[in-house]
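Given next are the chains, with one letter for each unit.
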Amino acid sequence: RSSDLAGKDIEESIKSELSGDFQKLMLAVVKCMRSTKEYFAKRLYKSMKGMGTADNTLIRIMVSRSELDMMDIREAFRTKYEKSLYSMIKNDTSGEYKKALLKLCGGDDDAAGEFFPEAAQVAYQRWELSAVAARAELKGTVRPAASFHADNDAKALRKAMKGFGTDEDGIIDIITQRSNAQRQEILKAFKTHFGRDLMADLKSELSGTLGKLILGLMMTPAQFDAKQLKKAMEGAGTDEKALIEILATRNNQEIQAINEAFQEAFHKTLEDSLSSDTSGHFKRILVSLAVGNRDEGDEDHAKALEDAKEI
């Protein structure tokens, strides 16, 4: 693997030789090649620091990483910012939305009297396990519920939305504590039992940021990413940061699934959409990321970046 030093050198030359969106994209690619968890930790921190919250970014990362590597991101966050992701979300958001986000975040790495934070404990245990076992272990905060019955969950969700008022707590408790595969089962069970579309019901019952978060969790990861990419290209300006964040951090398999989901939902290819919405070098790199046939070895990443600088 080309050492961090090489990464730093690449970063410096990207900063001096490139500018604008293209520079941002290439820096993101370098950061991800070095450490995806640090890249996400920084995106989360930036989404909450200062006045206001960039809720779309916060929702996007919490939804898409909760089952994959939220523990790692928490650890990187605490190391970098000397406070827990949990405490920052707690101070920066409110209400049921906050409750749902904190469930996805998992524990508080700053909890009083906790000498050895949960994320660090998990990292240590993982290091202790053999490499094979470590690979099998999920590093997310959301895991499949043990005694899972899609029918029971479907009934409980219907009850939470039926009649006057909505039991938001009930909805949050179920949806944030099921794996994505389990949520897909619940969607089917809901349709079978009630002949209703759970997504449509949730949409009409929940609004604002909580609605966005819960609906995001109910989509498959590929559907969610496809929708976020589409959203980033809609309207007057393009949200380049969102495009970069998604396309530079997903592996080939994920990119393949996103392409299929995009085509299915919007009846045009992701590549065509990106081509008509971006331009120049930035477009060329984004489109090549969106094709999803990059070599996933570290050495080649460094090489690709060297090539990219010569474009």
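(A) Representation of the overall build of the protein chain within the structure. Secondary structure assignment for the protein chain yields 20 helices and 0 strands. When each of the 311 residues of the protein chain is scored for burial, the buried share is 47%. Accessible surface, the protein chain as shown: approximately 15,500 Å² in total, 49% of it carbon and sulfur.

(B) Examining the packing of aromatic side chains more closely. Evaluation of the coordinates by the stated rule reveals 6 aromatic pairs. Aromatic side chains Y45 and Y81 sit 3.8 Å apart centroid to centroid with 5° between the ring planes, which places their arrangement in the stacked category. Of this pair, Y45 sits in helix α3 (residues 36-48) while Y81 sits in helix α5 (residues 70-81), and the two are 36 residues apart along the sequence. Since its relative accessible area comes to 21%, Y45 is described here as partly exposed. Overall, Y81 belongs to the buried group, its relative accessible area being 18%. Connected via pairs of aromatic rings, a cluster forms that spans Y45, F77 and Y81. Positioned above the aromatic ring of F194, the side-chain terminus of R158 is 5.8 Å from the ring centre. One cation-aromatic arrangement involves K230 over F266; the distance from NZ or CZ to the ring centre is 5.4 Å.

(C) Expanded view of a positive patch on the surface. A contiguous patch of positive charge on the surface is contributed by K203, K212, K227 and K231. Mapped onto the elements of the fold, K227 is located in helix α15 (residues 221-233).

(D) Region of interest: the confidence of the model for the protein chain. In the predicted model, the protein chain carries a mean pLDDT of 84, and 80% of its residues have values of at least 70. This stretch, residues 1-7, has a pLDDT under 50; its non-local contacts, to residues over four places away or in other chains, come to 9 contacts.

(E) Local environment of the packing of helix α6 (residues 85-92) against helix α7 (residues 95-105). Taken N-terminus to C-terminus, the directions of α6 and α7 make an angle of 175°; their axes are 10 Å apart at the nearest point. Taken together, the axis directions place α6 and α7 in an arrangement best described as roughly antiparallel. Touching L85, Y86, I89 and K90 of α6 are K98, L101, L102 and C105, all from α7. When grouped by side-chain class, the residues that make up the contact of α6 with α7 number 6 nonpolar, no polar and 2 charged.

(F) Highlighting unusual backbone geometry. Phi angles above zero are rare outside glycine, and E82 is one such case at about 55°. In this structure E82 comes out as exposed when scored by relative accessible area, which is 71%. In this structure, H267 takes a positive phi of about 55° despite not being glycine. Tracing the backbone shows H267 in the loop between α17 (252-266) and α18 (270-277). Overall, the relative accessible area of 67% leaves H267 in the exposed class.

(G) Representation of the pattern of salt bridges in the model. In this structure the tally under the stated criterion is 12 salt bridges. In this structure, K139 engages D72 in a salt bridge whose closest nitrogen and oxygen atoms are separated by 3.5 Å. Of this pair, K139 sits in the loop between α9 (131-136) and α10 (150-161) while D72 sits in helix α5, and the two are 67 residues apart along the sequence. A salt bridge links K99 to D169, with the shortest nitrogen-to-oxygen separation between them at 3.2 Å. Here D169 lies in helix α11 (residues 168-175) and K99 lies in helix α7, a separation of 70 residues in the sequence. Relative accessible area serves as the criterion here: at 26%, K99 is assigned to the partly exposed category.

(H) Representation of α15. Here α15 spans 19 Å end to end across 13 residues, near enough to the 18 Å set by a 1.5 Å rise per residue. Listed in full, the buried residues belonging to α15 are A222, F224, D225, A226, Q228, L229, A232 and M233. For α15, the elements touching its buried residues are α4 (55-65), α14 (208-218), α16 (240-247), α17 and α18. The positive-phi residue at the C-terminal boundary of α15 is G235, with phi of around 70°.

(I) Fine view of the nonpolar core. Counting residues in hydrophobic clusters, the biggest one holds 82 residues, and the most contacted among them are M62 and L202. Contacts of M62, omitting those with residues within four sequence positions, involve L44, M70, L85, I89, L101, L104 and C105.

(J) The arrangement of the environment of R43 in detail. Tracing the chain through its elements places R43 in helix α3. Residue class for R43 comes out buried when judged on its relative accessible area of 14%. Placed 198 residues apart in sequence, R43 and K241 show a C-alpha to C-alpha distance of 9.7 Å. When residues no more than four places from it in sequence are discounted, the contact partners of R43 are T57, R60, I61, K241, A242 and E245.

(K) Highlighting the environment of R65. Counting through the fold element by element, R65 comes out in helix α4. Ignoring any residue separated from it by four or fewer positions in sequence, one finds R65 in contact with F40, M70, I73 and R250.

Calculation criteria
- Residues numbered from 1 in each chain as written.
- Predicted model: local features only at pLDDT ≥ 70, side-chain atom pairs only at ≥ 80, totals over all residues.
- Heavy atoms only, no water.
- Helix = DSSP H or I, 4+ residues; strand = E, 2+ residues; numbered from the N terminus.
- Buried < 20%, exposed > 50% of the residue type's maximum accessible area, 1.4 Å probe, protein only.
- Areas by Shrake-Rupley, 256 points an atom, 1.4 Å probe, with all protein chains shown as cover.
- Phe/Tyr/Trp six-rings, centres within 6.5 Å; stacked < 30°, edge-to-face > 60°.
- Lys NZ or Arg CZ within 6 Å of the ring centre and 35° of its normal.
- Patch = residues over 30% accessible without salt bridge, like charges linked within 9 Å, V, L, I, M, F, W, Y side chains within 5 Å.
- Salt bridge = Lys/Arg side-chain N within 4 Å of Asp/Glu carboxyl O.
- Lys, Arg positive; Asp, Glu negative; His and termini not counted.
- Charge placed at Lys NZ, Arg CZ, Asp CG, Glu CD.
- pLDDT = per-residue confidence, 0-100.
- Contact = heavy atoms within 4.5 Å.
- Axes fitted to C-alpha atoms, helices over the stretch in contact; angles between N-to-C directions.
- Parallel < 35°, antiparallel > 145°, perpendicular 65-115°, else oblique.
- Nonpolar A, V, L, I, M, F, W, Y, C, P; charged D, E, K, R; others polar.
- Expected span 1.5 Å × (residues − 1).
- Core = buried A, V, L, I, M, F, W, Y, C linked by side-chain atoms within 4.5 Å.

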